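Observations on the three-dimensional arrangement
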Amino acid sequence: MAQAFVALGSNLEQPAAQIRAALDAIAALPGTTLTRPSSLYRTAPVGYADQPDFINAVAEIDTELAPRELLRHLLAIEAEFGRVRTFRNAPRVLDLDLLHYSGVELSDADLTLPHPRMHLRGFVMIPLAEIAPDLTLSGLGPASELAGRLADQGVERLENN
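Residues numbered from 1 in each chain as written. Predicted model: local features only at pLDDT ≥ 70, side-chain atom pairs only at ≥ 80, totals over all residues. Heavy atoms only, no water.

1. Things to note about the environment of A22
Quick note on the threshold: For helices the rule is a DSSP run of H or I covering at least 4 residues; for strands it is a run of E covering at least 2, with both sets numbered from the N terminus onward. In this analysis, two residues are considered to be in contact whenever any of their non-hydrogen atoms come within 4.5 Å of each other.
Relative to the helices and strands, A22 resides in helix α1 (residues 15-27). Each C-alpha atom, one on A22 and one on A2, is 20 Å from the other, the two residues being 20 residues apart in sequence. When near neighbours in sequence (up to four residues on either side) are disregarded, A22 contacts L8, F81 and L94.

2. Quick look at the nonpolar core
What counts, and what does not: The criterion is simple. A nonpolar core is a set of buried Ala, Val, Leu, Ile, Met, Phe, Trp, Tyr and Cys residues joined through side-chain atoms within 4.5 Å. Throughout this description, buried means an accessible area under 20% of the type-specific maximum (1.4 Å probe, protein chains only), exposed means over 50%, and partly exposed covers the range between.
Counting 30 residues, the largest nonpolar core has L8, I26 and L70 as its most contacted members. Ranked by the residues each element gives to this core, the list is headed by α1, at five residues. The next biggest cluster of nonpolar side chains, apart from the first, holds 21 residues, and it includes M118, F123, A129 and L135.

3. Let's talk about the pattern of salt bridges
For the record, the criterion: Within this document, salt bridges are pairs made up of a side-chain nitrogen of Lys or Arg and a carboxyl oxygen of Asp or Glu, the two lying within 4 Å of each other.
Under the criterion given, the structure shown has five salt bridges. E156 is paired through a salt bridge with R42; the nearest N and O atoms lie 3.8 Å apart. Pair noted here: E156 is in strand β10 (residues 156-157) and R42 is in strand β3 (residues 41-43), with a separation of 114 residues, a long-range link. Given the relative accessible area of 33%, R42 is considered partly exposed.

4. Digging into the confidence of the model for the protein
The condition is simple: Looking at any residue, its pLDDT shows the predictor's confidence there, from 0 to 100.
Looking at the protein, pLDDT values average 93 and 98% of them are 70 or higher. The weakest mean pLDDT in the protein belongs to strand β8 (residues 136-137) at 92; the strongest belongs to strand β2 (residues 32-37) at 98.

5. A look at helix α2 (residues 67-80)
In an α-helix, one full turn covers 3.6 residues, which means residues spaced three or four apart are oriented alike. Just so we agree on the cut-off: A helix's residues, less one, multiplied by 1.5 Å, set its expected span. This arc is taken over the directions from the axis of the helix to the C-beta atoms.
Taking 1.5 Å per residue, 14 residues should reach 20 Å; α2 reaches 20 Å between its end C-alpha atoms and fits that length. Among the residues making up α2, those that are buried are P67, L70, L71, L74, I77 and E78. Axial view of α2: buried residues confined to an arc of 115°, hence all on one face. When the buried face of α2 is taken as reference, the exposed residues oriented beyond 90 degrees from it are R72, A79 and E80. Looking at the packing, one finds that the buried side of α2 touches β1 (2-10), α1, β4 (54-63), β5 (95-101) and β7 (112-113). One or two residues past the end of α2 sits G82, with phi positive at roughly 95°.

6. Some points on the pairing of β1
Here is the rule: One requirement defines pairing of two strands: DSSP has to find at least two bridges between them.
With eight of nine residues buried, β1 is to be regarded as a mostly interior element. Here β1 pairs with β4 via nine bridges, running antiparallel. Within β4, the residue paired with S10 across the bridge is I55.

7. Section: helix α3 (residues 122-131)
Most of α3 is tucked away, with nine of its ten residues classed as buried. Buried residues of α3: G122, F123, V124, M125, I126, P127, L128, A129 and I131, and no others.

8. Considerations on the side chain of T43
Heads up, the condition is: Polar contact criterion, stated in full: a pair of N or O atoms within 3.5 Å, where within protein one must be able to donate a hydrogen and the other to accept it, and residues adjacent in sequence count only if both atoms are side-chain atoms.
On the secondary structure map, T43 appears in strand β3. At a separation of 2.7 Å, a polar atom in the side chain of T43 contacts the side chain of N56. Once residues lying within four places of it in the same chain are set aside, the contact partners of T43 are D53, F54, N56, F123, G154 and V155.

9. Concerning unusual backbone geometry
Of the consecutive residues L113 and P114, the connecting peptide bond is found in the cis state with omega at -10°. Residue placement: P114 occurs in the loop between β7 and α3. The phi angle at Q14 is positive, at roughly 60°, despite the residue not being glycine. Mapped onto the elements, Q14 comes out in the loop between β1 and α1.

This is the structure in structure tokens:
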């Protein structure tokens, strides 16, 4: 079993419900256990501002799936939820990003691990630090320290999770 972390985001069609349903879909993947989901967080859109706020979370999973196989399943879940890729940073029903996979480092056209921009994004690092504060990103430091540097990005924890 490998430990992996997946970021979830949605800003269309009842985003909080989309995130909760996506957590259930991830938990149902073959050879996979959802070990710890973060709270839900509200964040302003990044890159393309003329859209609703996002609801974000991070999930820790244990999985027997290899990284690329896990990614294929995550993309299939996005498609099942109605994800349409129109343009970069567009509104979306569901976005799933594989952030980290048991210390695996790789980079190709389809997958880069760890996720190359996660340490710059409060909407990823703050929920990640909630569930795995001691997770250390190679050369960057623990999730808790990285999240602390991003506290000014307007990431708001939702009270009713």
